[in-house]
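Read off the chains here:
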Amino acid sequence: MCGIAGGYNVSDKQLLDDMTGRLEHRGPDDTGYYVSDNVMLGIRRLSVIDVAGGHQPIFNEDRSVCVVFNGEIYNYRELRERLERRGHTFRSESDTEVLVHLYEEHGRDLVTHLNGMFAFAIWDQRSDRLLLARDRLGIKPLYFMERADGLYFASEIDSLLEVTAEPSLSSTGVGYFWHLDYIPAPYTPFERISKLEPGSLLVCEGDSVTSTSYWELGAPRVTDRSERDCVRRVRGLLEDAVKKRMVADMPVGAFLSGGLDSSTIVGLMSRHSDRPVQTYSIGFEAAEFDERGHARTVADYFGTDHTEYQVDLSDASLVEEKFATMGDPVADPAIIPTSLIAERASQDSKVVTIGSGADELFGGYDSYRRELYAAGSERPTEAMLKYREPDQEHLNMETRAVDSLVEGTTKESWSNFHNITQFDIEYWLPDRLLQKDDRATMSHSLEARVPFLDHRLVEESRRIPPEYLIKDGNKKHILKQAFRQLLPDEILERKKSTFSVPIGNWMAAPDSPLAGRFTEERFAPIEFVDESWIVNRYREFCNGDDSHKLTLWRALVFQIWYEEYLMS
């Protein structure tokens, strides 16, 4: 796992050094550069596979092709064997080197052969071509910026801000944030800075810059297979996905909440590990926000080496620290506990697994269950928007772009269930959940692997009849059936609980460092926000009216971001 940066039709070693310097937290182990007359590639490396020999950039045999790479290729061993049979010579044991040889064989179609999470840049000197690629589900981020003097790219927006001293706000991107709590690709909060969409390539060749999609979730392809066959296929694919994600030159740990998803992953890791799996859980001092007891049950059941971390109200001070470093803002409060447990886990390992994606694939949300049994009472667009309508009385800007985003995803011929899950997998998952996971873990130089988002399993989930995913009102039925013999009954029968964070306590407590931010003076510089409305709603909130709690949280996150990126 790493941070990459660079440019096309531009060559500036000092600028490249500044850009990669903003990514040191993503890769503290090594630095590498390639600079020629019209391209520059840089990397900060977190060494996970072939620690000693995996220095980047990595070249092919005649040094005409080179790559900088952020991520992991889980099927690299099979690919390497195939490439060696084709006559390619390898100089390292790293997964990165597979990319340059695979490019020699398949050109830009190399991505269709990869099982992994990745964002990479390949420079083809002979063709004067730069190829940027992002993995199918958007696990790894990649941003780019087109200017008159060239194209620039980086793993994080902060690196691109080294190129432009005065970034301008994107009303479209910011409008999405106020509506969704995140900004969907290709938009960002800044004009001229874009986010490469999941499953996409960006090809720079001559004066041409083109973006193409190499993978799409596509229409649901529900089959008439039996429930037993669906269970068998899910079980086999997830177990293989977990095994592939345990390959590293050091032990792989796991975040463990005690819910179905992370417990299943830990159970499968324990089955395939010759030592106790290192597991990590977090909870709050307030009992209603604390799930550590469930995690402890799973840890004891599988005999893991378990570590717990407690968050208390004093950690509200971390809200300012964490959200002030997110160039692409996401109003997900879970970044605080995730970042804290990542910091603890990074003391033992460089790699953990996480359970993200299972809810979206296997029917884990109440909204999915409601729409499955709604019998088409609403048009799909209406069903989608009712879960995503925020307060708008405090905004002096247009936020209706979300309507077109929803309409672009929605198909009238699909069920509401499939439309909502499609939207969440395409936008909610990569642009909110996975971005939160990436920033929380990589800020502590910790790689997070996501077994549920093996693209084979994602594609398989779209073939499963919805009535197997949610059966008799029981969410994630197919996943529970697949691993009924693996998990303790207490976990299988446990009702799903959302990973709640006490944002109300953090905002309202008189001694909280956040309370002083809810003043008209602090919100006044944000020209499209009605600061009086926000302050009045905050007073009501402190007096017990929590009907606008999430809007106040979103306003707080945006204020922190705005002051850091546009006023500092």
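Calculation criteria
Residues numbered from 1 in each chain as written. Predicted model: local features only at pLDDT ≥ 70, side-chain atom pairs only at ≥ 80, totals over all residues. Heavy atoms only, no water. Helix = DSSP H or I, 4+ residues; strand = E, 2+ residues; numbered from the N terminus. Buried < 20%, exposed > 50% of the residue type's maximum accessible area, 1.4 Å probe, protein only. Pairing = 2+ DSSP bridges. Salt bridge = Lys/Arg side-chain N within 4 Å of Asp/Glu carboxyl O.

**As for unusual backbone geometry**
Next, step 1: Here Gln56 and Pro57 are connected by a cis peptide whose omega angle stands at 0°.
Next, step 2: With an omega of 10°, the peptide bond running from Ala185 to Pro186 counts as cis.
Next, step 3: Summarising the element assignment, Pro186 is placed in the loop between helix 5 (171–180) and strand 10 (193–195).
Next, step 4: One non-glycine residue with positive phi stands out, namely Asp128, at about 55°.
Next, step 5: Relative to the assigned elements, Asp128 resides in the loop between strand 6 (116–124) and strand 7 (129–134).
Next, step 6: Overall, Asp128 belongs to the partly exposed group, its relative accessible area being 27%.
Next, step 7: At Asp181, a position not held by glycine, the phi torsion is positive, near 80°.
Next, step 8: Tracing the backbone through its elements, the reader meets Asp181 in the loop between helix 5 and strand 10.

**A look at the pairing of strand 8 (residues 143–147)**
Next, step 1: Sheet topology note: the strand 8/strand 10 ladder contains 3 bridges and is antiparallel. Among the inter-strand pairings, Phe144 is bridged to a residue of strand 10, identified as Ser194.
Next, step 2: Bridging between strand 8 and strand 9 (residues 150–154) involves 5 bridges; their strand directions are antiparallel. Bridging from a neighbouring strand, Glu146 pairs with Leu151 of strand 9.
Next, step 3: With antiparallel pairing between neighbouring strands as the criterion, strand 8 and strand 9 make up a hairpin whose turn holds 2 residues.

**Notes on the pattern of salt bridges**
Next, step 1: The final tally for this structure, using the stated rule, is 47 salt bridges.
Next, step 2: Here Arg22 ties to Glu162 by a salt bridge, and the two come within 2.6 Å at their closest N and O atoms. With Arg22 in the loop between helix 1 (13–21) and strand 2 (30–35) and Glu162 in the loop between helix 4 (157–160) and helix 5, this residue pair connects regions lying 140 residues apart in the sequence.
Next, step 3: With a relative accessible area of 29%, Glu162 lands in the partly exposed category.
Next, step 4: Close ionic contact of Arg271 with Glu239 constitutes a salt bridge, the shortest N to O distance being 3.2 Å. Of this pair, Arg271 sits in helix 7 (residues 260–271) while Glu239 sits in helix 6 (residues 227–244), placing them 32 residues apart in sequence.
Next, step 5: With a relative accessible area of 16%, Glu239 lands in the buried category.
Next, step 6: Look at the salt bridges and you will find they share partners, linking Glu78, Asp240, Lys244, Arg245, Asp454 and Arg456 into a network.

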